[in-house]
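# Topology and contacts: notes
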Amino acid sequence: MIQVAVFYLFATLVIASAVMTICARNPVHSVLWLILAFFNAAGLFLLIGAEFLAFLLVIVYVGAVAVLFLFVVMMLNVDFAELRAGFSNYWFPVTLLAGLLLFEIIVALVAWDAGGITIAPRAPTPENVSNIEAMGQAIFTRYIFVFEAAGIILLVAMVGAIVLTHRKRGGVRPQNIRKQIRRNPKDAVVNMQPGVGQGVEL
Amino acid sequence: MTFWETIQAIGPEVILAVGATDLLLLTAFSKNPNVIRTISLISVLLLLAASAALLGPASHAGNLFHGQFRADAFSAFAKLLIFLASAVAIAMAPGFLKREGEAHGEYPILILFAALGMSVMVSAGDLMMLYVGLELSSLSAYVLASFARRNTRSSEAGLKYFVLGALASGLLLYGISLLYGFTGSTVFEDIAIALATPASEGIELGRLFGIVFVLAGIAFKVSAVPFHMWTPDVYQGAPTPVTAFFASAPKVAAMVLLTRLVIDAMGPATDAWRQIIIFMALASTILGGVAAIGQRNIKRLLAYSSINNVGFALVGLAAAGLAGVASVLIYMTVYVVMTLGSFLVVMRLRGADGEQLESIDSLSGLARSRPGLALAMMTFMFSLAGIPFFFGFYPKLMVFDAAVQADLAWLAAVAIATSVIGAFYYIKIVKIMYFDEGGPELTTEKEPVASGLIALTALAVSPLGYLAIPYLETATTEAAASIVQSGPVVPAAPQTLASGH
């Protein structure tokens, strides 16, 4: 019973925050709503006993959202001073939202303990083995070769990106730390005694 | 199987992976502007070491990693070809890249990674392994295509290749997911068992869709018509050594992968894939022959030539069976030598100021200015055309022979007709070299490595090549025998879903 209630809670919130993501006028608000949607989707995964996917969603997607945030900040010229100006006006709804998230996490864990929802047949998981353990067992034993090869693909992608974009630029003035440290007052400071009514000649 | 035995069985891959990552460090930290020469030399040695490792358990260890990786004579033969072709592609490049101002040490390393991916491809016994190997070699190839990044044509080639390659990967993955869904496994053996088991109409249809999509994805990689559109543009735009590489090793890898897939995994569904292969074979030979006639750029012409040749290899594949598979291997072996030789000659065509010449007109009068080069080019062209007594005739003969044995005489007849069309443009090049006047002045710079390789490949495809037939036949028959089963696959009881353990 509790699972069904929790399912409707999460499902409603996922849909509502997804709608808000595309309706929000401010891109920063959009991103925040998106994070809320991800958290609730993770809760849905927890409900069906896929805790690994739930953690992955939070870690990877919410992590990716941080990067997205960065892009929004860099590309869309959002005035953060203006945003922050009204911060005190918002403390109540924001605290409410944070409290709601905390409440959801607790509820999800309770519901997960209660045994999860029974859904349509899926790939059988062995008894007494958690998802993460089962994934690890498969990836690092049976599929180790494919896994390592996938790692090399990522390395090639990185090398390729660097090969195609990295170039030595002429005319730049990089910081020369040794030169900076070795500089002493004798080179940098000159005592001048200008006469009355005369300027300083450098 | 112990850990050490497994490592030995995947020895070539381990050598390439460890060597390439270490070379990456060397090139990243080296301050020497000529580092590409050192790295090229070490890379060629690594490829030779990997080839030597094929003598060990890598050629007969059998199934590894629960049937996902096959170390058999078939994969060993293909790996040898791939490694040697990659070594030639590395050896021919440093001078060219230096003139282009793009002598980065990453070129040989990316070729090493591509060779690693291809080596995984030809050993794949599982759809996931197949995809990972394919993606590793393709990703390196995309970067290599736009390696001369200051050249707009090269960037364009890389972008086109990348976008169309991603599309093909999507098709392939969709097909893989359908096959997995409707057969219950990604391992080739289990797929074959499932395909041999009769199922309801809906499931049969799903399997058929899976087969079609997987074949379409791989047809893109071998550039068989109708998935060839990228080939001329990419071959023309990519730096010449890279084009030579594209036309050789990846073609072999994709062809061998396709062969293993259709024989091993889709053996029981031969009726389904054979018509697709026959269509691609016919379309490739016809289009490759006809479309090449109007080309004015030698690299474009060789691109159409490679489409044409893939068509002939597919004729052998359509024949299936021991003779068919062996003929595909023979065809690809000789094709690689011919095509690498042609590109080596194209690279030697440089004007007095050292600029690369790519138009077919610039070949005029080559027989008078550079008789040796012209003789080599004539050997390659006659061989590609399949003129008797040149070695290129022999693989065509084997392919047609296999087709006739498999009751596909009509296919062989059509392919012979298109071969005659193709002969037209090959012979036209010989005519331009020997009878036309007034080509541009060519550079007199000496290049011992390239000249040696040209002489070697020209000798191999000259009539002298016939001396190698006994060895080639033994090797290819043994390789083919390791994947072709003698009897038909016996339908087994319905499979339970693989649980992952």
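Residues numbered from 1 in each chain as written. Chains lettered and ligands numbered in written order. Predicted model: local features only at pLDDT ≥ 70, side-chain atom pairs only at ≥ 80, totals over all residues. Heavy atoms only, no water.

## A few points about the overall build of chain A
Counting its regular elements, chain A contains nine helices and zero strands. The burial tally for chain A puts 24% of its 202 residues in the buried class. Partitioning the intrachain contacts of chain A with sequence separation of at least 6 by distance along the chain shows that 69% fall at a separation of at least 24. Here chain A displays about 15100 Å² of accessible surface, and carbon together with sulfur accounts for 68% of that area. (Helix = DSSP H or I, 4+ residues; strand = E, 2+ residues; numbered from the N terminus. Buried < 20%, exposed > 50% of the residue type's maximum accessible area, 1.4 Å probe, protein only. Contact = heavy atoms within 4.5 Å. Areas by Shrake-Rupley, 256 points an atom, 1.4 Å probe, with all protein chains shown as cover.)

## Observations regarding the overall build of chain B
From N to C terminus, chain B includes 22 helices and two strands. A globule of 501 residues ought to have a C-alpha radius of gyration of about 23 Å, and chain B, at 22 Å, matches this closely. Expressed as lengths along the three principal axes of its C-alpha atoms, the size of chain B is roughly 70 × 55 × 40 Å. Counting all 501 residues of chain B, 62% fall into the buried class. Counted over contacts in chain B with a minimum sequence separation of 6, partners at least 24 positions apart contribute 81%. Accessible surface, chain B: about 18300 Å² in total, of which carbon and sulfur atoms supply 68%. (Rg over C-alpha atoms; globule rule 2.2 N^0.38 Å.)

## Topic: the packing of helix H7 (residues 127-145) of chain B against helix H12 (residues 240-247) of chain B
Residues and elements named next belong to chain B. The contact between H7 and H12 brings their axes to 10 Å, and the two run at 155 degrees. The angle between H7 and H12 places the two elements in the roughly antiparallel class. Read as a crossing pair, H7 and H12 show a hand that is left-handed. Contacts from Ala-141, Leu-144 and Ala-145 in H7 reach Val-242, Phe-245 and Phe-246 in H12. Among the residues forming the contact of H7 with H12, the class breakdown is six nonpolar, no polar and no charged. (Axes fitted to C-alpha atoms, helices over the stretch in contact; angles between N-to-C directions. Parallel < 35°, antiparallel > 145°, perpendicular 65-115°, else oblique. Left-handed = near helix turned anticlockwise from the far one by under 90°. Nonpolar A, V, L, I, M, F, W, Y, C, P; charged D, E, K, R; others polar.)

## Considerations on the interface of chain A and chain B
The interface of chain A with chain B comprises 22 residues on the first partner and 29 residues on the second. Where chain A meets chain B, there are zero salt bridges. Those elements that provide at least two residues to the side of chain A that touches chain B are helix H6 (131-142) and helix H7 (144-165) of chain A. Among the elements that take part in the side of chain A that touches chain B, H7(A) stands out by supplying 15 residues, more than any other. Here the residues of the side of chain A that touches chain B sort into 16 nonpolar, four polar and two charged. (Salt bridge = Lys/Arg side-chain N within 4 Å of Asp/Glu carboxyl O.)

## Examining the nonpolar core
Counting 197 residues, the largest nonpolar core has Phe246(B), Met266(B) and Leu314(B) as the members making the most contacts within it. With 17 residues, helix H16 (residues 321-348) of chain B is the largest single contributor of residues to this core. The residues contacting Leu314(B), other than those within four sequence positions of it, are Ala224(B), Met255(B), Leu258(B), Ile277(B), Met280(B), Ala281(B) and Ser284(B). In terms of nonpolar packing, the next biggest core, distinct from the first, is built from nine residues, Val6(A), Phe10(A), Ala54(A) and Leu57(A) among them. (Core = buried A, V, L, I, M, F, W, Y, C linked by side-chain atoms within 4.5 Å.)

## Some thoughts on a nonpolar patch on the surface
Residues and elements named next belong to chain A. Residues Leu-53, Phe-55, Leu-56, Ile-59, Val-60, Tyr-61 and Ile-132 make up a contiguous nonpolar surface patch of about 640 Å² in total accessible area. Tallying contributions element by element places helix H3 (residues 51-76) first for the nonpolar patch, with six residues. Tracing the chain through its elements places Leu-56 in helix H3. (Patch = residues over 30% accessible without salt bridge, like charges linked within 9 Å, V, L, I, M, F, W, Y side chains within 5 Å.)

## Remarks on empty space enclosed by the protein
Residues and elements named next belong to chain B. If you walk through the whole model with that rule in mind, you get one cavity of 30 Å³ or more. Considering only enclosed or pocket space, the largest cavity measures out at about 160 Å³ in volume. Lining of the largest cavity is provided by 16 residues; of these, Ser-137, Ser-138, Tyr-161, Lys-221 and Pro-250 occupy positions nearest its centre. Those elements that provide at least two residues to the lining of the largest cavity are helix H6 (106-123), H7, helix H11 (230-237), H12 and helix H13 (249-265). The leading source of residues in the lining of the largest cavity is H7, at four residues. (1 Å grid on protein atoms, 1.4 Å probe; cavity = no way out; pocket = protein on both sides within 12 Å on 5 of 7 lines; lining within 4 Å. Points joined across faces, edges and corners; volume = space filled by probe spheres on them.)

## Here we look at unusual backbone geometry
Most peptide bonds are trans, and most residues other than glycine sit at a negative phi. Residue and element names in this part refer to chain B. Of note, the amide linkage connecting Val-225 to Pro-226 takes the cis form, showing an omega dihedral of 5 degrees. Phi at His-66 is positive, roughly 60 degrees, even though this residue is not glycine. Mapped onto the fold, His-66 is located in the loop between strand E1 (62-64) and strand E2 (69-71). The backbone of Ala-320 sits at a positive phi, close to 50 degrees, despite the residue not being glycine. With respect to the secondary-structure elements, Ala-320 resides in the loop between helix H15 (298-319) and H16.

## Quick look at the domain arrangement of chain A
Interfaces are often sized by the amount of accessible area the parts lose when they come together. All names here are of chain A. Parsing chain A into structural domains produces domain 1 (1-81 + 88-118) and domain 2 (130-167). Each side of the interface is counted separately: domain 1 has five residues, and domain 2 has four residues. Taken together, both faces of the contact between domain 1 and domain 2 bury some 360 Å²; the carbon and sulfur share is 68%. Contact with domain 2 buries area across many residues of domain 1, yet Glu-51, Phe-52 and Phe-55 alone supply 90% of it, more than any other trio. (Domains from an automatic or database assignment. Buried area = accessible area lost by both parts, 1.4 Å probe.)

## Let's talk about the packing of aromatic side chains
Summed over the entire model, instances satisfying the criterion amount to 22 aromatic pairs over all chains. Ring plane angle 45 degrees and centroid distance 4.9 Å describe the contact between Phe145(A) and Phe69(B), whose orientation is recorded as tilted. Of the two residues, Phe145(A) sits in helix H7 while Phe69(B) sits in strand E2, which places them in two different chains. Residue classification places Phe69(B) among the buried residues on the basis of a relative accessible area of 0%. Ring geometry for Phe312(B) against Phe400(B): centres 6.0 Å apart, planes inclined by 75 degrees, an arrangement best described as edge-to-face. Within this pair, whereas Phe312(B) is found in helix H15, its partner Phe400(B) is found in helix H19 (residues 393-405), the two being separated by 88 residues in sequence. Neither Phe312(B) nor Phe400(B) differs from the other in exposure class; each is buried. (Phe/Tyr/Trp six-rings, centres within 6.5 Å; stacked < 30°, edge-to-face > 60°.)

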